[in-house]
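Understanding the architecture of this molecule
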Amino acid sequence: MAPTKTNNHRPVDRDLSPDFSAITLGKHALRHGAFAEGRGLQLGASTALLMIHQICEALVPVLIGVSIDKAIGPSDLGALLWALGGLVGLFLMLTYSWRHGYRLTNRVYGYGDHSLRQMVIAKVLDPRATGKQFGAGRTLNIATSDTAITAGLSWVVSQMSASLAALITAATSLLLIS
């Protein structure tokens, strides 16, 4: 490929467009939207943080019950202060994990959506493109709502994992209490 000039008049000797040739099926697009370009590690971290958030949510009533049994029932001021400190710590962890977990999941979603839109536009603008050509309206639909739905896999993975963690925590707590 011969060097070409850009707007700032610096030579470019390589093609800067991303290579989407490996994405041919819907499952590849799903994988690409959620896990490609380093998003898999971020999705794992965000899922872990959201799981911690849901576990903390499930433990709030347990900690309140323990506080009542150990501190308020026997009128023990020291145990009450420890219980309140534990409750504050639990809420700090709950808030921190929610805030950063949602931020990371939103980042994975946003970058995945953008990458999939780039893929659609690259396919549309490719002069060597073969196969069925869509009209402008259908292409716009694919490049907006369809890519957003596909990139939404990151939300599904993190939310379902967090819900499962909350369910296991609540079930375990109920089994240990009764």
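I will try to describe carefully the structure that is included in this document.

Calculation rules
Residues numbered from 1 in each chain as written. Predicted model: local features only at pLDDT ≥ 70, side-chain atom pairs only at ≥ 80, totals over all residues. Heavy atoms only, no water. Helix = DSSP H or I, 4+ residues; strand = E, 2+ residues; numbered from the N terminus. Buried < 20%, exposed > 50% of the residue type's maximum accessible area, 1.4 Å probe, protein only. Contact = heavy atoms within 4.5 Å. Areas by Shrake-Rupley, 256 points an atom, 1.4 Å probe, with all protein chains shown as cover. Expected span 1.5 Å × (residues − 1). Axes fitted to C-alpha atoms, helices over the stretch in contact; angles between N-to-C directions. Parallel < 35°, antiparallel > 145°, perpendicular 65-115°, else oblique. Left-handed = near helix turned anticlockwise from the far one by under 90°. Nonpolar A, V, L, I, M, F, W, Y, C, P; charged D, E, K, R; others polar. Phe/Tyr/Trp six-rings, centres within 6.5 Å; stacked < 30°, edge-to-face > 60°.

Moving on, we come to the overall build of the chain. Looking only at helices and strands, the chain features 5 helices and 2 strands. Beginning at the N terminus, the succession of helices and strands in the chain can be written as β-β-α-α-α-α-α. Within the chain, the fraction of its 178 residues that count as buried is 28%. Across the chain, contacts joining residues at least 24 apart in sequence account for 74% of those joining residues at least 6 apart. For the chain, the accessible area works out to roughly 11800 Å², and carbon and sulfur atoms hold 67% of it.

Here helix H5 (residues 153-177) spans 36 Å end to end across 25 residues, near enough to the 36 Å set by a 1.5 Å rise per residue. Among the residues of H5, those classed as buried are Ser154, Ser158, Ala162, Ala165, Ala166, Thr169 and Ser173.

Between helix H2 (residues 39-72) and helix H3 (residues 77-125), the shortest axis-to-axis distance is 7 Å and the interhelical angle comes to 160°. By the angle between their axes, H2 is roughly antiparallel relative to H3. The two elements H2 and H3 cross, and the hand of that crossing is left-handed. A breakdown of the residues in the contact of H2 with H3 according to their chemical character gives 26 nonpolar, 11 polar and 4 charged.

A separate point is the packing of aromatic side chains. Following the criterion strictly, the structure yields 2 aromatic pairs and no others. Seen from their ring centres, tryptophan 98 and tyrosine 102 are 5.6 Å apart, and the 40° between their planes marks the pair as tilted. Here tyrosine 102 and tryptophan 98 lie together in helix H3, a separation of 4 residues that amounts to about one turn. By relative accessible area, which is 41% here, tryptophan 98 ends up partly exposed. A relative accessible area of 27% means that tyrosine 102 is categorised as partly exposed. Geometrically, the ring pair formed by tyrosine 102 and tryptophan 155 is tilted, given 5.5 Å between the ring centres and 50° between the ring planes. Remark: tryptophan 155 occurs in helix H5 and tyrosine 102 occurs in helix H3; sequence separation between them is 53 residues.

Now for the environment of alanine 143. Structurally, alanine 143 can be placed in helix H4 (residues 136-151). Between the C-alpha atoms of alanine 143 and glutamine 118, which are 25 residues apart in sequence, the distance is 8.2 Å. The residues touching alanine 143, leaving out its near neighbours within four places in the chain, are Arg117, Val120 and Ile121.

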